[in-house]
Amino acid sequence: MATPALDPSWVDDVLLAGRPGRPDAAPALVLDAPITRAELRRLVEQRQAVLAAAGIGAHGPGDSVAICLAPSLAFVANLLACWRLGARAALLDHRLTPYEIDQALQRLAPQAVVSAKHATGGPLRGFQDVQERVATYPGRPSDTPHALVQLSSGSTGPSKVIARTAANLVEEVERYVAIGAGVPQPGERIVCLASMVHVLGLVGGLLYGLHAGAELVIPARMTADGILAAVAAGTAPTTILGVPFHIELLSSGPTPPRLPQLTGMTTGGELVRAAVHQTFTDRFGVRLGNMYGMTEVGVIATDLFGEHRPALTPAPGLQVREEGGELLVSLAASPYLGLSDPTRWAGGWLHTRDAGTVDPDTGRFRIHGRNDSQVSVGGLKVDLTEVEHTLAALPGVASAVVTYEKSIEAYVMLREDATAEQVQAELATRLAAFKRPRVLRVVEQLPRTATGKLVRDRTLLVAASVKEGNTEA
């Protein structure tokens, strides 16, 4: 099959050109030090030459490259260089094991792999200092017009191969622009806590920031102090972009310093529990907005000022409808490579697998949890999301995940001095008996995906549980 042409001009036109009033000398990125737009453009050109020397782009657009780098200036430069050559970039999380990386490469079959020859930085670092290397791989050119390939986070099962075209990425960037209020504006700052390997940090942080002329800041350390230091380091209006895990991190610990430049925080991923939402807004005195999206689409809906919580407003250009209790999102083409499953995409609609309801008057919708979170216990319907949120809100529980096999099971991280018996007793006052977990397993640390979502794979949860403190009702 002939390789379709990928027009690389969008990288310059949409991302590197900047905005009127934002000169090339203005910082585009801030890691250890500010990187101006002019410096970034030079780095991209240098990496483009290295990739070209490895054969990428030698026969025109359509080659394929896998990038496996930690968040870094090297990651940004290689990604943009790849796209500037008209190549398809497949992003692999640097935290994957060698086995997982090998499996992914066999699935994706790139022609070159960009990985770290040397990197400095520990697990709490927001970014690393990376010296990259480019190695050829016995893969093949892309036979589709996609510019980006990502693997889903796999919070509920095996990852999917998701592909997006350059046009689709540009459409999402323009959705952020069209949302307007609550989205960082030219000259403002985005302190990005979400990984650039995944859609929120990649498009909502990096690509939108470059397009809008908003300065993208990656904290040196992903601790509460490190994040707040990154906010305090500039005077321009600043938005934090992260996931619920980061909200809980910022909501704990000592009272933060006064941060007049902080205008708010936007979170993607799962809905923030009401108690955590209230704690954050009380502590910082700024808005906490919610964003709903998927790797397949990007941002789908928002409530950036918490005005309609828990309802969300579809982003401009997208439609959301309800069918049989499931939310469907308009999407012109299937986002999956190697998968033609009509239960996921058909006729211009993507099945989200999220249960929800749409208000016919306003178009806003509410998410009621995953469709697969609805179970039958003794003929009675139970929403595992409700059980999980109720459990996580108990004073002695730091975090919780609820699953269903033959019965409802809970996996909890306890706060200091709390016991499983106390948790079961307190839960009995808040949930009917048929909704309560039959087994409660205490874990030292709940497993999370690379994007910070709690993992609900029972095999991994059982492996993470400890024998002491487990109870059975």
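Residues numbered from 1 in each chain as written. Predicted model: local features only at pLDDT ≥ 70, side-chain atom pairs only at ≥ 80, totals over all residues. Heavy atoms only, no water.

(A) Spotlight on the overall build of the protein. Counting its secondary structure elements, the protein contains twelve helices and 26 strands. A compact globule built from 473 residues should have a C-alpha radius of gyration of about 23 Å, and the protein, at 22 Å, falls within 12% of that. Once the C-alpha set of the protein is aligned to its principal axes, its extents read approximately 65 × 55 × 50 Å. Each of the 473 residues in the protein was classed as buried or not, and the buried ones make up 53%. Counting only contacts in the protein whose residues sit at least 6 apart along the sequence, the fraction spanning at least 24 positions is 64%. Surface summary for the protein: the accessible area is close to 20,300 Å², and the carbon and sulfur share equals 53%. Taking the average place of the 43 positive charges on the side chains of the protein and the average place of its 47 negative ones, the gap between the two points comes to 1 Å. (Helix = DSSP H or I, 4+ residues; strand = E, 2+ residues; numbered from the N terminus. Rg over C-alpha atoms; globule rule 2.2 N^0.38 Å. Buried < 20%, exposed > 50% of the residue type's maximum accessible area, 1.4 Å probe, protein only. Contact = heavy atoms within 4.5 Å. Areas by Shrake-Rupley, 256 points an atom, 1.4 Å probe, with all protein chains shown as cover. Lys, Arg positive; Asp, Glu negative; His and termini not counted. Charge placed at Lys NZ, Arg CZ, Asp CG, Glu CD.)

(B) Here's a closer look at the confidence of the model for the protein. Of the residues in the protein, 93% have a pLDDT of 70 or more, and the chain-wide mean is 89. When the criterion is pLDDT under 50, residues 1–5 qualifies, and its contacts beyond four places in sequence or with other chains add up to eleven contacts. (pLDDT = per-residue confidence, 0-100.)

(C) Region of interest: the packing of helix α5 (residues 166–179) against helix α6 (residues 199–212). Remark: α5 packs on α6, axes separated minimally by 10 Å, with the N-to-C direction vectors making an angle of 75°. One way to sum up the angle between α5 and α6 is to call them roughly perpendicular. Between α5, through Leu169, Glu172, Val173, Tyr176 and Val177, and α6, the contact on the second element is made entirely by Val199, Leu200, Val203, Gly204, Leu207, Tyr208 and His211. Residues of the contact of α5 with α6, tallied by class, amount to nine nonpolar, two polar and one charged. (Axes fitted to C-alpha atoms, helices over the stretch in contact; angles between N-to-C directions. Parallel < 35°, antiparallel > 145°, perpendicular 65-115°, else oblique. Nonpolar A, V, L, I, M, F, W, Y, C, P; charged D, E, K, R; others polar.)

(D) Highlighting the sheet that holds strand β3 (residues 64–68). Overall, mixed pairing links the six strands, which are arranged β6-β5-β3-β4-β7-β8 in an open sheet. The open sheet is flanked by β6 (129–136) and β8 (161–165), the only strands paired with a single partner. The average undirected angle you get between the axes of adjacent strands in this sheet is 25°. Where strand β7 (residues 146–151) lies against β8, five bridges are found, and the strand directions are antiparallel. Bridge pairing links Val149 to Ala163 in β8. In the packing of α5 onto the sheet, contacts are made with β7 and β8, and the angle to β8 comes to roughly 80°. (Pairing = 2+ DSSP bridges.)

(E) Geometry of the packing of helix α2 (residues 37–53) against helix α3 (residues 73–84). As a packed pair, α2 and α3 sit with axes 8 Å apart at the nearest point and diverge in direction by 65°. Helix-helix and strand crossings are classified by hand; for α2 and α3 the assignment is right-handed. Touching Leu40, Leu43, Val44, Glu45, Arg47, Gln48 and Leu51 of α2 are Leu73, Val76, Ala77, Asn78, Leu80, Ala81, Cys82 and Arg84, all from α3. Its residues assigned to classes, the contact of α2 with α3 shows ten nonpolar, two polar and three charged. (Left-handed = near helix turned anticlockwise from the far one by under 90°.)

(F) Summary view of the packing of aromatic side chains. Applying the stated rule across the entire model yields four aromatic pairs. With 5.8 Å between their ring centres and 70° between their planes, Tyr292 and Phe365 make a pair best called edge-to-face. Taken together, the residues span a long stretch of sequence, with Tyr292 in strand β13 (residues 287–294) and Phe365 in strand β20 (residues 365–370) at a distance of 73 residues. By relative accessible area, which is 1% here, Phe365 ends up buried. Directly above the aromatic system of Phe127 lies the positively charged group of Arg125, at a separation of 4.8 Å from the ring centroid. (Phe/Tyr/Trp six-rings, centres within 6.5 Å; stacked < 30°, edge-to-face > 60°. Lys NZ or Arg CZ within 6 Å of the ring centre and 35° of its normal.)

(G) Local environment of the pattern of salt bridges. Tallied over the entire structure, the rule returns 16 salt bridges. Connected through salt bridges with shared partners, the residues Asp12, Glu45 and Arg84 form a single ionic network. (Salt bridge = Lys/Arg side-chain N within 4 Å of Asp/Glu carboxyl O.)

(H) Region of interest: the layout of surface pockets. A volume near 430 Å³ is recorded for the second largest pocket. Along the walls of the second largest pocket sit 20 residues, with Glu248, Ser252, Arg273, Ala398 and Arg415 positioned nearest its centre. Where the lining of the second largest pocket is concerned, the elements lending two or more residues are α8 (244–251), α9 (274–284) and β23 (397–404). The element best represented in the lining of the second largest pocket is α8, accounting for four residues. When grouped by side-chain class, the residues that make up the lining of the second largest pocket number eleven nonpolar, five polar and four charged. (1 Å grid on protein atoms, 1.4 Å probe; cavity = no way out; pocket = protein on both sides within 12 Å on 5 of 7 lines; lining within 4 Å. Points joined across faces, edges and corners; volume = space filled by probe spheres on them.)

(I) Spotlight on the side chain of Gln128. Considering the arrangement of structural elements, one finds Gln128 in the loop between β5 (112–120) and β6. With near-sequence residues (within four places) excluded, Gln128 lies in contact with Ala70, Pro71, Ser72, His94, Ala119, Thr120 and Gly121.

(J) Focus on empty space enclosed by the protein. On inspection of all chains with the given rule, the structure shows two cavities of 30 Å³ or more. Reported here for the largest cavity is a volume of approximately 90 Å³. Along the walls of the largest cavity sit Tyr176, Gly182, Val183, Pro184, Ile190, Gly204, Tyr208, Thr239, Leu241, Thr266, Met291 and Leu304, which together make up its complete lining. Looking at the lining of the largest cavity, the elements with two or more residues in it are α6 and β11 (238–242). Residues belonging to the lining of the largest cavity are distributed by class as follows: eight nonpolar, four polar and no charged. Looking at the second largest cavity, its volume works out to about 40 Å³. Forming the walls of the second largest cavity are Leu271, His277, Leu288, Asn290, Asp303, Gly306, Arg309, Pro310, Ala311 and Leu312. Residue composition of the lining of the second largest cavity, by class: five nonpolar, three polar and two charged.

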